[in-house]
Structures are given as structure tokens and as C-alpha cells.
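Each chain, written out:
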Amino acid sequence: MSSLLLLATNMNWIPWVSALAGLILALVVLYFVGNKMQKKQAEQQQMMEAHKQSMNMLIIDKKKVRFKDAGFPQSVIDQTPKMARRMKVCAVKVKVGPQLTTLICDEKVFDTIPVKKEVKAVVSGLYILSVKGLHGKTDLPAPKKKGFFKRSVEKLQEKAGAKPLK
């Protein structure tokens, strides 16, 4: 009886060791996959820098939509991976010369693009890298709304006669 109890207590470490081995294996796989994807991204960035060109364009509309609903040609949609077709992208409808085109951009660039204005943009393929205003001042995006806690603190400070925090 005591030998059976001793064997049962000695077997408690097996699930822990197998879980630890699985965790270590997952971390090793993630490390190598991450390195591979980082190299691939560096190559793509280098290629985008090599193929960039600046052009004047009129921004007609901008919105965040799914890739397949953005209005790209069917050949472009067919070339993208299936997971990327379901993702939302920052799509910008522009007029370059006499042609209407839909381009995509990064989230940071998307916030700085003015609507219904003519801009000078650096473009690589269908991707907008940066934007500069061409005529007049570009309007800055509206400031973010303050949260409930921040608003209530400001109200209390105003009632107390103190300066609001910045």
C-alpha cells in the first residue's frame, strides 16, 4: 500500500514537465518565426524605399474598410492572402491626374491626410508612405475626447479654484 502511494506521489511531476516542455517548444518556434517575419518585413521596407515616387493628388475620401470592400481591382485582391482580405485597412480614394484610384496607407499617415484637398504624397505602388499639404494649411485632426475620470477631475479642480492638469 505504501509503495503504491509513493509511486502516485512521484508521478505528480510528469504533467508539469510535459507542460513546461510544450511551453519551451512554443517559445522556440515563436522565436524562429518572429526572426523570419522580421527579415521579410525589412526586405519589404527596403523594396518600398527603392520604388517610392512623389506625386500630386486630390484626396476625395478616406475610410477604414475591409480589404475586399475597398474597391481594389480583382487582380490585387487575388494576390493578397485570404486572412488579409478580411482585415480592415485605411483606404484612401484619390484622383491622380485624370484617374481615380484607391490607395492604402498606414494608421499614422491616415490621420494626417486631409480630405478634399490637394496634397503631395510619396507613394510606393498602392501604398502611401507620407503626405504633405500642397495648398493652404492642413487641418489637424480633432483632439481626442477626454474620459469620464479626466473630465470629473477637471470639474472638481475648477470648483476648487485650482488650475486644471495638462
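This text goes with the structure placed above it.
These remarks concern the structure in this document. Being a predicted model, the structure only gives us computed values, none of them experimental. (Residues numbered from 1 in each chain as written. Predicted model: local features only at pLDDT ≥ 70, side-chain atom pairs only at ≥ 80, totals over all residues. Heavy atoms only, no water.)

**Some points on the pattern of salt bridges**
Phase 1 of the analysis: If you walk through the whole model with that rule in mind, you get four salt bridges.
Phase 2 of the analysis: Notably, a salt bridge pairs Glu-49 with Lys-52, separated by 3.1 Å at the nearest N-O pair.
Phase 3 of the analysis: Overall, Glu-49 belongs to the partly exposed group, its relative accessible area being 40%.
Phase 4 of the analysis: A relative accessible area of 43% places Lys-52 in the partly exposed class.
Phase 5 of the analysis: Salt-bridge contacts for Glu-107 lead to Lys-64; the nearest nitrogen and oxygen are separated by 2.4 Å. Taken together, the residues span a long stretch of sequence, with Glu-107 in helix H5 (residues 107-112) and Lys-64 in strand E1 (residues 53-66) at a distance of 43 residues.
Phase 6 of the analysis: A relative accessible area of 41% means that Lys-64 is categorised as partly exposed. (Salt bridge = Lys/Arg side-chain N within 4 Å of Asp/Glu carboxyl O. Buried < 20%, exposed > 50% of the residue type's maximum accessible area, 1.4 Å probe, protein only. Helix = DSSP H or I, 4+ residues; strand = E, 2+ residues; numbered from the N terminus.)

**Quick look at the nonpolar core**
Phase 1 of the analysis: Counting 14 residues, the largest nonpolar core has Met-57, Ile-59, Val-92, Val-94, Cys-105, Ile-113 and Ile-128 as the members making the most contacts within it.
Phase 2 of the analysis: Those elements that place two or more of their residues in this core are E1, strand E2 (88-96), strand E3 (99-105), H5 and strand E4 (118-124).
Phase 3 of the analysis: Leave out the neighbours within four places in its chain, and Met-57 touches Val-94, Lys-95, Val-96, Leu-103, Lys-117, Glu-118, Val-119, Ala-121 and Val-123.
Phase 4 of the analysis: Formed by nine residues, the second largest nonpolar core is a distinct cluster that contains Val-65, Phe-67, Val-89 and Ile-104. (Core = buried A, V, L, I, M, F, W, Y, C linked by side-chain atoms within 4.5 Å. Contact = heavy atoms within 4.5 Å.)

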